[in-house]
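Structural description and commentary
Chain residues, written in single-letter form:
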Amino acid sequence: MEIGIQLYTLRSETEKDYAAVLSKVGAFGYAGVELAGWPPFSDEELGNCLTQSGLKLAGAHISLEEQESGMERLCARLQGLGCTRISIPWIPAELLEAEEIDSTAVRFNELQKRAAACGMELSYHNHGFEFEGDRFERLAEKCPNLKWELDTFWVHFSGRDPLQLMREQMGRIQMIHIKDMVPGQTEVSPDISNPPILEGCVDILSLLHLAEEQGLPWAMVEMDYPGENPLEAVRRSRENLRREGY
């Protein structure tokens, strides 16, 4: 299993110099990155930056609407960069309410078929609202071929056991996101920074051990709010993981 970084974590830095961020991420020892939308230059330039930084493109977060309007084009672009995974990063919570979930499942299933026809694997990246009531279980039932990009922080924050959920969904998890939490945290906001990995209260090592047992290819470091120095938080996270053998 390889360790990558979701570039949403470094959004404030990529806005300044995207290529420089990739170079630093590679120097920190990450094996790959996951896009949070497209960078402000050509796919050829992105490929060159990744190669020069020693990074793989592990996946991409592309909005639901953009996927629906051009899945085949998106797949071709990603495959040209050596990537075979695409994720729905977020949807409005109301799309999983009782009166909406059936139509949402139809949309997801159609996208999954289109991605598969292109040789790509589609996943859905969760937040917390999916675990209100039986939303997650209903979505899983209605979309049997959809993979999960399981954000273990949000599972934990929502009061569910991410280890148990990983066991229940074995075979359907594309990769996991790991992010740490402040002890006693009861809200997620810009005023509460995610600690560097292994410096908070989430049992990330157990999650990584199980991910390895399940043969998952990637664990992606992510911080919704990485604090005043995102690059330093990302560097420390990689060092902490390396000391534990990852």
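Description of the structure in this document. (Residues numbered from 1 in each chain as written. Predicted model: local features only at pLDDT ≥ 70, side-chain atom pairs only at ≥ 80, totals over all residues. Heavy atoms only, no water.)

It is worth spelling out the pattern of salt bridges at this point. Applying the stated criterion across every chain, the model contains 14 salt bridges. With its nearest N and O atoms 2.8 Å apart, the salt bridge here joins E72 to R114. Of this pair, E72 sits in helix α3 (residues 64-80) while R114 sits in helix α4 (residues 101-117), placing them 42 residues apart in sequence. On the basis of relative accessibility, which here comes to 37%, the residue E72 falls in the partly exposed class. The class of R114 is buried, set by a relative accessible area of 19%. Of the charged contacts, one joins K179 and D224 as a salt bridge, the two residues approaching to 2.9 Å between their closest N and O atoms. Taken together, the residues span a long stretch of sequence, with K179 in the loop between β7 (173-178) and α8 (204-213) and D224 in the loop between β8 (218-221) and α9 (230-243) at a distance of 45 residues. (Salt bridge = Lys/Arg side-chain N within 4 Å of Asp/Glu carboxyl O. Helix = DSSP H or I, 4+ residues; strand = E, 2+ residues; numbered from the N terminus. Buried < 20%, exposed > 50% of the residue type's maximum accessible area, 1.4 Å probe, protein only.)

This next bit is on the packing of aromatic side chains. Here a ring pair, both rings aromatic, is described through the centre-centre distance and the interplanar angle of the planes. Tallied over the full model, the rule gives seven aromatic pairs. Relative to Y124, the ring of F108 has its centre 5.5 Å away and its plane inclined at 40 degrees; by these criteria the two rings are tilted. In this pair, F108 sits in helix α4 while Y124 sits in strand β5 (residues 121-125), placing the two residues 16 residues apart along the sequence. Each member of the pair F108 and Y124 is classed as buried. Here F153 and W154 contribute two aromatic rings whose centre-to-centre distance is 5.5 Å and whose plane-to-plane angle is 90 degrees, an arrangement assigned as edge-to-face. An aromatic cluster is built from F131, F136 and W148, whose rings are joined through pairwise contacts. The ring centre of Y30 lies 5.8 Å from the NZ or CZ of R238, which sits over that ring. (Phe/Tyr/Trp six-rings, centres within 6.5 Å; stacked < 30°, edge-to-face > 60°. Lys NZ or Arg CZ within 6 Å of the ring centre and 35° of its normal.)

A separate point is α4. Taking 1.5 Å per residue as the helical rise, α4 with its 17 residues ought to reach 24 Å, and the 24 Å between its terminal C-alpha atoms agrees with that figure. When we look at burial in α4, the residues that qualify are I101, T104, A105, F108, L111, Q112, R114 and A115. Here the buried face of α4 lies against α3, β4 (85-88), β5 and α5 (135-142). Positive backbone phi, at 80 degrees, marks G119, one or two positions downstream of α4. (Expected span 1.5 Å × (residues − 1). Contact = heavy atoms within 4.5 Å.)

Contact geometry for helix α1 (residues 11-28) and α9: axes closest at 11 Å, N-to-C directions at 20 degrees. If you check the angle between α1 and α9, you find them roughly parallel. As α1 packs across α9, the resulting crossing turns out to be right-handed. On α9, the residues touching S12, E13, K24 and F28 of α1 are P230, L231, V234, R235, R238 and R242. Of the residues belonging to the contact of α1 with α9, the class tally is four nonpolar, one polar and five charged. (Axes fitted to C-alpha atoms, helices over the stretch in contact; angles between N-to-C directions. Parallel < 35°, antiparallel > 145°, perpendicular 65-115°, else oblique. Left-handed = near helix turned anticlockwise from the far one by under 90°. Nonpolar A, V, L, I, M, F, W, Y, C, P; charged D, E, K, R; others polar.)

From the geometry alone we can't say anything about function, so treat these as descriptive.
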